[in-house]
Amino acid sequence: MPNLLDSQRDAAAGHGWKATLGRSVRLFRDFRVEQTDPARFYTALAADSVGQLAHYTDGETLDGTVLLDVGGGPGYFRDAFMNAGATYLALDADAGEMQGAGIVAEGSMLGDGMRLPVRTGSVDACYSSNVLEHVPTPTAMLDEMLRVTKPGGVVFCSYTLWWGPWGGHETSPWHLLGGRYARRRYLRKHGHEPKNKFGESMYAATAAAGLRWARAQRRAGNAEILAAVPRYHPAWAAWLMRVPVVREVLSWNLLLVLRKR
């Protein structure tokens, strides 16, 4: 029977990572406490992300990978990726977010995801989790992620879909009646603005827009599409992304994985 260290090494290498129903159930259970116990949710998501990203790399390992995390936040992903052997760089637009776990690590940068302060073709993997819905021009950030990635490297970007059940974040499900309405309702009910303010720090991101961008990169010969799937769903639910409208409502979160050419 493998010991704990062997299991950790397997996870770091992507060995054994599968998009199973059990995995989905575990992630959604942790997601229920995202607001009250963010450390639990983001630690679990970071561990899962290591295996998921490694699954798309040559050799299914992150050991020795130079990785840029766009929107790295408070550090939960940093610990997971560094434990997997990656050289971890992070960028966030909010200094407060970077200090969320109590420390700002070496390699952290304060900056704009739509204008990455990173050289072209300088990282092996460019990763972003649940950030794209917070930028006004998502394709600009995706273009930048592809730009800084080396040929043969991987771009991994997932984001929350606006028409899904959590599209309005803490204003859900009222965002389905309009982002500005949901923002005003939250203010009336709680006496203060939501953290994610529609039109300022949260926008209506769609699967259709992300898929158009990815296909345009493929047609232009810039990248190969390795995956365009619902991030948290089991593998058998990948068909959702092939059905317009349905994918916007039921997919929850779109994951795009591209290999730069």
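Counting of residues starts from 1 at the beginning of each chain's written sequence and follows it residue by residue. This being a predicted model, a pLDDT of at least 70 is required before a residue's local features are given, and a value of 80 or more before pairs of side-chain atoms are given or counted; all residues contribute to the totals for chains, interfaces and linings. Side-chain descriptors were evaluated using all non-hydrogen atoms of the structure, hydrogens and water having been removed beforehand.

- Under an unreviewed UniProt entry, the protein chain has the name Class I SAM-dependent methyltransferase and belongs to Nocardioides turkmenicus.

1. Brief notes about the overall build of the protein chain
Move 1: Where helices and strands are cited, they refer to DSSP runs of H or I of at least four residues and of E of at least two residues respectively, numbered from the N terminus. Looking only at helices and strands, one finds nine helices and seven strands in the protein chain.
Move 2: Each residue is assigned to one of three classes by its accessible area relative to the maximum for its type, calculated with a 1.4 Å probe on protein chains only: buried under 20%, partly exposed between the two thresholds, exposed over 50%. Counting the 261 residues in the protein chain, one finds 48% classified as buried.
Move 3: Only heavy atoms matter for contacts: two residues are in contact if any of them lie within 4.5 Å across the pair. Long-range pairs, those at least 24 residues apart, make up 64% of the contacts in the protein chain with a sequence separation of at least 6.
Move 4: Note on areas: these come from Shrake-Rupley sampling with a 1.4 Å probe, and a residue is covered only by the protein chains present in the view. Surface accessibility of the protein chain: about 12,500 Å² in total, with carbon and sulfur atoms responsible for 56%.

2. Observations concerning the packing of helix 3 (residues 38–55) against helix 4 (residues 76–83)
Move 1: In the contact formed by helix 3 and helix 4, the axes pass within 8 Å of each other and the chain directions differ by 35°. At the point where helix 3 passes helix 4, the crossing takes the right-handed sense. The residues of helix 4 that touch helix 3, namely those facing A39, Y42, T43, L45, A46, A47, S49, V50 and L53, are Y76, F77, A80 and F81.
Move 2: Residues are grouped as follows: Ala, Val, Leu, Ile, Met, Phe, Trp, Tyr, Cys and Pro are nonpolar; Asp, Glu, Lys and Arg are charged; all remaining types, including Gly, are polar. When the residues that make up the contact of helix 3 with helix 4 are grouped by side-chain class, the tally is eleven nonpolar, two polar and no charged. Convention adopted: a line fitted to C-alpha atoms gives each axis, helices being fitted over their contacting stretch, and angles between N-to-C directions are expressed from 0 to 180 degrees. Each crossing is labelled by how the near helix is turned from the far one, with a counterclockwise turn of less than a right angle marking it left-handed and a clockwise turn marking it right-handed.

3. What about empty space enclosed by the protein?
One simple way to see leftover space: roll a probe sized like a water molecule over the atoms.
Move 1: A pocket, in this scheme, is an open set of points on a 1 Å grid over the protein atoms alone with protein on both sides within 12 Å along at least 5 of 7 lines, while a cavity is a set where a 1.4 Å probe fits but cannot get out; residues line either one if an atom lies within 4 Å of a point. Grid points are joined across faces, edges and corners, and a volume is the space filled by probe spheres set on the points. Considering all chains together, one arrives at two cavities of 30 Å³ or more under this definition.
Move 2: One number sums up the size of the second largest cavity: a volume of about 50 Å³.
Move 3: Every residue lining the second largest cavity is listed: L27, F28, F31, F41, Y232 and W252.
Move 4: The leading source of residues in the lining of the second largest cavity is helix 2 (residues 21–31), at three residues.
Move 5: Looking at side-chain class alone, the lining of the second largest cavity contains six nonpolar, no polar and no charged residues.

4. Here we look at the pattern of salt bridges
Move 1: The rule for a salt bridge is simple: a side-chain nitrogen of Lys or Arg has to be within 4 Å of a carboxyl oxygen of Asp or Glu. The full count for this structure, using the stated rule, is ten salt bridges.
Move 2: Here D48 makes a salt bridge to R23, at a shortest N to O gap of 2.8 Å. Placement of D48 in helix 3 and of R23 in helix 2 is noted, with a sequence separation of 25 residues between them.
Move 3: For D30, the salt bridge identified is with R40, shortest N-O distance 2.7 Å. In this pair, D30 is assigned in helix 2 and R40 in helix 3, connecting sequence segments ten residues apart.
Move 4: Residue classification places D30 among the buried positions, given a relative accessible area of 13%.

5. Examining unusual backbone geometry
Move 1: Here the residue pair S172 and P173 is connected by a cis peptide bond, since its omega of 0° sits within 30 degrees of zero.
Move 2: Looking at the secondary structure, you find P173 in the loop between strand 5 (149–160) and helix 7 (179–190).
Move 3: Here N130, not a glycine, exhibits a phi torsion of approximately 55°, which is positive.
Move 4: With phi around 75°, W252 is a residue other than glycine that occupies positive phi space.
Move 5: You can see W252 is positioned in the loop between helix 9 (246–250) and strand 7 (253–260).

6. Remarks on the side chain of R247
Move 1: Tracing the chain through its elements places R247 in helix 9.
Move 2: A distance of 3.0 Å separates a polar atom in the side chain of R247 from the backbone oxygen of M241.
Move 3: Among all residues touching R247, those that are not within four sequence positions of it are L161, A207, A208, L211, L240, M241 and R242. Within 3.5 Å is the distance limit for a polar contact, defined as a pair of N or O atoms, with the added protein rule that one can donate a hydrogen and the other accept it, and that residues adjacent in sequence qualify only through two side-chain atoms.

7. What to know about the sheet that holds strand 7
Move 1: Reading across from one edge, 3-2-1-4-5-7-6 is the order of the seven strands in this open sheet, with mixed pairing throughout. On the outer flanks of this sheet lie strand 3 (108–110) and strand 6 (223–230), each paired with one strand and no other. Taken pair by pair, the neighbouring strands of this sheet meet at an average axis angle of 15°, ignoring direction.
Move 2: Only strands that DSSP links by at least two bridges are regarded as paired with each other. Taken together, the seven bridges between strand 5 and strand 7 define a ladder with antiparallel strand orientation. Residue pairing across strands places V154 opposite R259, the latter belonging to strand 7.
Move 3: Where helix 8 (residues 207–219) meets the sheet, it contacts strand 5, strand 6 and strand 7, and its direction lies at approximately 10° from that of strand 7.

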